[in-house]
Amino acid sequence: MNSKKRGTEELPPSRFDKIQREIWLEDRLDLEEESSPSTQFFWEDSKSVLTRNKSPDIPFDASINPYRGCEHGCIYCFARPNHSYVDLSPGLDFETKIFVKKEPAKLLAEELRKKKQAISPITIGTATDPYQPGERIYKNTRSLLEVLLEFKQPAAIITKSSLIQRDTDILSEMGKLGILKVFLSITTLDKELWSKLEPRAPAPARRMETLRKLTDVGIPTGVLFAPVIPFINDFEMEHLLEQASLSGAEAAGMVFVRLPFEVAPLFEDWLTRHFPLKKEKVLKAISEARGGKLYKANWGERMKGAGNYAELLQKRFSICIKRFGLEKRRQLRTDLFAVPSRYLLKKNKQEEFLPGLFPE
């Protein structure tokens, strides 16, 4: 058993479950005395490691998520509903049952070797964190970076974790070539709020320190202020972006809180436990920015919301990035891409993998 807090101890059924389970109060654990279950890891076979995106309000076309589920336990995580597709709960299961993509580097190399030129920059960590604790064991993200560097394929990384510093040997080389940028996601600078909101993610100060250390070795960095939650962390915007700029960030992004499917009731329960007096006020502001609902998936609106509150956030953000010099939009190089000769063997005019390239 692991005594460190989880984002939630709830196990709500997935939206695909035909059977609804009711937990009797007498059967519930005393969460103050009992510890949470340990994290379990499972292998996941995939035919492809790349996911394509056509949404106009998401600034990338191709992405990779080395893991399904995330131990960081961020209560607001919009990826939680993905666990419903494997008949698990988006609640506690999402944080404690992590699926590890099997041989992602091999899958990526197989896809890239067929290309004659670089594809649009690949973003790693769009749904779950590529540097969550399990990465220390499985090193999926590092193996992907090794392939990206060898092919000179441009990429971007989004993470909350200081573990990314482990890979500065690869990242700095990619940075020098102009084929990499890294965004640190920082939601709050308040330690008390962080411990409730993102219980297993690195502390805010560690993330700011990571920004500085990556910048110092030539890696272009940015900050992602996400998600913005009304009356919970929205007032931190100016100070947080200023500190990120002082720590070396050259660009910034912002995302309004998203509560799809099972995330909404989990978030409401979280508000009840931690901010009961603010709960109705927070939910009302979110609802007004989502057309009267807690979530609206319309393209062009889902990342920023609509209405007076959302417009005010955008104005504040625009002023901040100008004031703190966070407007740089670095274009990653695509002209360096080349399939390394060791990945190809011409035989009878057919391209085949060299034997033993990927040992079992």
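Coordinates for the structure precede this section.
Here the residue numbering is sequential within each chain, running from 1 through the sequence in written order. Local features in this predicted model are restricted to residues of pLDDT 70 or higher, and side-chain atom pairs are both shown and tallied only at a pLDDT of 80 or more, whereas totals for entire chains, interfaces and linings draw on every residue. With hydrogens and water excluded, all non-hydrogen atoms of the structure serve as input to the side-chain values.

A word on the overall build of the protein chain
Logical step 1: Looking only at helices and strands, the protein chain has eleven helices and twelve strands in total.
Logical step 2: Residues classed as buried in the protein chain amount to 52% of the 360 residues present.
Logical step 3: For the protein chain, contacts bridging at least 24 residues in sequence account for 81% of all contacts bridging at least 6.
Logical step 4: For the protein chain, the exposed surface amounts to about 17,900 Å²; the carbon and sulfur share of it is 52%. In DSSP terms, a helix is any run of H or I states spanning at least four residues, a strand is any run of E spanning at least two, and both are numbered starting from the N terminus. Note on exposure labels: buried denotes an accessible area under 20% of the residue type's maximum, exposed denotes more than 50%, and partly exposed covers the range between, all computed with a 1.4 Å probe on protein chains only. Contacts are residue-level and defined by heavy atoms, with any inter-residue pair within 4.5 Å sufficient. All accessible areas in this document rest on Shrake-Rupley with a 1.4 Å probe, and a residue is counted as covered only by the protein chains that are shown.

Things to note about the pattern of salt bridges
Logical step 1: When a carboxyl oxygen of Asp or Glu is within 4 Å of a side-chain nitrogen of Lys or Arg, the pair counts as a salt bridge. For the coordinates displayed, the defined rule picks out 21 salt bridges.
Logical step 2: A salt bridge links Asp 93 to Lys 97, with the shortest nitrogen-to-oxygen separation between them at 3.4 Å.
Logical step 3: With a closest N to O distance of 2.7 Å, Asp 167 and Arg 142 form a salt bridge. Taken together, the residues Asp 167 in the loop between strand E7 (155–159) and helix H5 (168–177) and Arg 142 in helix H4 (residues 140–151) connect sequence positions 25 residues apart. Residues Asp 167 and Arg 142 agree in their burial class; the two are buried.

Some remarks on the nonpolar core
Logical step 1: Throughout this description, the term nonpolar core refers to a set of buried Ala, Val, Leu, Ile, Met, Phe, Trp, Tyr and Cys residues connected via side-chain atoms within 4.5 Å. Counting 76 residues, the largest nonpolar core has Leu 108, Leu 241 and Phe 267 as the members making the most contacts within it.
Logical step 2: In this structure Leu 108 touches Val 49, Leu 50, Ile 64, Ile 122, Leu 144, Val 147 and Leu 148, once residues within four positions along its chain are discounted.

Side note on the sheet that holds strand E2 (residues 51–52)
Strand pairing in a sheet relies on backbone hydrogen bonds. The paired strands run either parallel or antiparallel.
Logical step 1: Should DSSP find at least two bridges between two strands, the strands are regarded as paired. The seven strands are arranged E2-E3-E6-E7-E8-E9-E10 in an open sheet whose pairing can be described as mixed. Because the sheet does not close on itself, it has two edges, and the strands there are E2 and strand E10 (251–256).
Logical step 2: Strand direction decides the pairing type here: E2 and strand E3 (residues 62–64), joined by two bridges, are antiparallel. Bridge pairing in E3 places Arg 52 opposite Ala 62.
Logical step 3: Against the sheet, helix H7 (residues 204–216) engages strand E8 (180–185) and strand E9 (221–228), with an angle of about 165 degrees to E8. Helix axes are fitted to C-alpha atoms over the stretch in contact, other axes to C-alpha atoms as well, and angles between N-to-C directions run from 0 to 180 degrees.

Points about the side chain of Asn 140
Logical step 1: Note that Asn 140 resides in helix H4.
Logical step 2: Of the polar contacts made by the side chain of Asn 140, one reaches the backbone oxygen of Lys 101; its length is 2.8 Å.
Logical step 3: Apart from residues no more than four positions distant in its own chain, Asn 140 is found in contact with Pro 66, Tyr 67, Val 100, Lys 101, Pro 104 and Glu 135. Pairs of N or O atoms within 3.5 Å make up the polar contacts considered here, provided that, within protein, one atom can donate a hydrogen while the other can accept it, and that residues adjacent in sequence are counted only when both atoms are side-chain atoms.

Structural notes on the sheet that holds strand E1 (residues 40–44)
Logical step 1: The strand order E1-E5-E4 describes an open sheet built from three strands, whose pairing is mixed. Both outer strands of the open sheet, E1 and strand E4 (67–68), are each paired with one neighbouring strand and no more.
Logical step 2: Where E4 lies against strand E5 (residues 97–101), two bridges are found, and the strand directions are antiparallel. By the bridge assignment, Tyr 67 is partnered in E5 with Val 100.

Remarks on unusual backbone geometry
Logical step 1: The residue after Ala 226, namely Pro 227, is reached through a cis peptide bond having omega -10 degrees.
Logical step 2: If you trace the backbone, Pro 227 turns up in strand E9.
Logical step 3: The backbone of Glu 103 shows a phi angle near 50 degrees, a positive value even though the residue is not glycine.
Logical step 4: Inspection of the secondary structure puts Glu 103 in the loop between E5 and helix H2 (104–112).
Logical step 5: Classification of Glu 103 by relative accessible area gives partly exposed; the value is 33%.
Logical step 6: Non-glycine residue Phe 231 carries a positive phi angle of around 65 degrees.
Logical step 7: Within the element layout of this structure, Phe 231 appears in the loop between E9 and helix H8 (237–246).
Logical step 8: Phe 231 sits in the partly exposed class, given a relative accessible area of 28%.

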